[in-house]
Amino acid sequence: MLENYYRELVCFLNARLGNRQVAEDVVHDAYLRVLERSSDTPIEQPRAFLYRTALNLVIDDHRRNALRQVESLDVLDSEERYFIPSPHNSLDHGQRLDMLQRALAELPRLCRESFLLRKIEGLSHPQIAEHLGISKALVEKHIVNAMKHCRVRMRQWDVA
């Protein structure tokens, strides 16, 4: 049901941000946030919830960028140590990457390729559509379906 709002939300954010690529990225992140929700409580107004999630992501990003502009380079350099994974985290990260690859391998070819071209190669939806010879609407549907599938499989495998 959430897929129905994809294009509408991209257009909404594009009008506010002035950048379709950034708008698509925010919408993808919003979909992931909604799909990753840990609550079992059903969302009463999915459209409003999705819009609020996307707007919160835009606001958070704006705040982060505003803070970054006033931080000194010393602070940024000292933060680097937090991004060096411990051996335990590396193993966990490697395992999660393997699980993600297995989940992607279960998808139909065009669905998997649409997702990878967007998330790994950074192509826009029109570029992916042209590359794969499918409509832009189908590209959008494939990407959302791939995200849903991966999220479900990762949850299943995390429990196992």
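Think of each chain on its own: its residues are numbered from 1, step by step along the sequence as written. Local features in a predicted model are, by the rule used here, given only for residues with pLDDT of at least 70; side-chain atom pairs are given and counted only at 80 or more, and totals for whole chains, interfaces and linings are based on all residues. The side-chain values count all of the structure's non-hydrogen atoms but skip hydrogen atoms and water molecules.

### Section: the pattern of salt bridges
Phase 1: The working definition used for a salt bridge is a side-chain nitrogen of Lys or Arg within 4 Å of a carboxyl oxygen of Asp or Glu. Taken as a whole and judged by the stated rule, the model has seven salt bridges.
Phase 2: Between E140 and R7 there is a salt bridge, with the nearest N and O atoms lying 3.0 Å from each other. Placement of the pair is E140 in helix α8 (residues 136-159) and R7 in helix α1 (residues 6-17), with a sequence separation of 133 residues.
Phase 3: Taking the shortest distance from any N to any O, the salt bridge between R118 and D25 comes out at 2.3 Å. Of this pair, R118 sits in helix α6 (residues 109-119) while D25 sits in helix α2 (residues 20-35), placing them 93 residues apart in sequence.
Phase 4: Sharing partners across several salt bridges, the network here consists of R20, E24, D25 and R118. We count a stretch as a helix when DSSP gives it H or I for four or more residues in a row; a strand needs E for two or more, and each element gets its number in order from the N terminus.

### What to know about the packing of α1 against α2
Phase 1: In contact at an axis separation of 8 Å, α1 and α2 are set at 130 degrees when each is read in the N-to-C sense. With respect to each other, α1 and α2 are oriented oblique. Relative to α2, α1 is oriented so that their crossing is right-handed. Between α1, through Y6, L9, V10, C11, L13, N14 and L17, and α2, the contact on the second element is made entirely by R20, V22, A23, E24, V26, V27, H28 and Y31.
Phase 2: Of the residues assigned to the contact of α1 with α2, the class counts are 11 nonpolar, two polar and two charged. Helix axes are fitted to C-alpha atoms over the stretch in contact, other axes to C-alpha atoms as well, and angles between N-to-C directions run from 0 to 180 degrees. Angles below 35 degrees are treated as roughly parallel, those above 145 as roughly antiparallel, those between 65 and 115 as roughly perpendicular, and all remaining angles as oblique. Each crossing is labelled by how the near helix is turned from the far one, with a counterclockwise turn of less than a right angle marking it left-handed and a clockwise turn marking it right-handed. Note on definitions: a residue-residue contact is assigned when non-hydrogen atoms from the two residues lie within 4.5 Å. Polar here means any residue other than Ala, Val, Leu, Ile, Met, Phe, Trp, Tyr, Cys and Pro, which are nonpolar, and Asp, Glu, Lys and Arg, which are charged; Gly is therefore polar.

### A look at the side chain of R153
Phase 1: Position of R153 among the secondary structure elements: in helix α8.
Phase 2: Polar contact criterion, stated in full: a pair of N or O atoms within 3.5 Å, where within protein one must be able to donate a hydrogen and the other to accept it, and residues adjacent in sequence count only if both atoms are side-chain atoms. Of the polar contacts made by the side chain of R153, one reaches the side chain of Q156; its length is 2.4 Å.

### Points about the nonpolar core
Phase 1: Buried Ala, Val, Leu, Ile, Met, Phe, Trp, Tyr and Cys residues that are joined via side-chain atoms within 4.5 Å together make up what is termed a nonpolar core. Each residue's exposure class comes from its accessible area (1.4 Å probe, protein chains only) as a fraction of the maximum for that residue type: buried when under 20%, exposed when over 50%, partly exposed otherwise. By size, the foremost hydrophobic cluster in this structure holds 36 residues, and its most contacted members are L9, L13, V27, Y31 and L50.
Phase 2: Those elements that place two or more of their residues in this core are α1, α2, α3 (46-70), α5 (87-105), α6, α7 (125-132) and α8.
Phase 3: When residues of this core are assigned to their parent elements, the largest contribution, eight residues, is made by α8.

### Points about the packing of aromatic side chains
Phase 1: Put simply, two rings from Phe, Tyr or Trp (the six-membered ring, in Trp's case) pair if the centres are within 6.5 Å, and we call them stacked under 30 degrees between planes, edge-to-face over 60, tilted for the rest. Across all of its chains, the model carries two aromatic pairs by this definition.
Phase 2: Relative to Y31, the ring of Y6 lies with its centre 5.9 Å away and its plane at 45 degrees, an arrangement referred to as tilted. Of this pair, Y6 sits in helix α1 while Y31 sits in helix α2; the two residues are 25 residues apart in sequence, bridging distant segments of the chain.
Phase 3: With a relative accessible area of 2%, Y6 lands in the buried category.
Phase 4: Looking at Y31, the relative accessible area reads 1%, which means it is buried.
Phase 5: One residue, R47, lies across the ring of Y51, its end atom 5.0 Å from the ring centre. Sitting over a ring, as applied to charges here, requires NZ of Lys or CZ of Arg to be within 6 Å of the ring centre and within 35 degrees of the ring normal.

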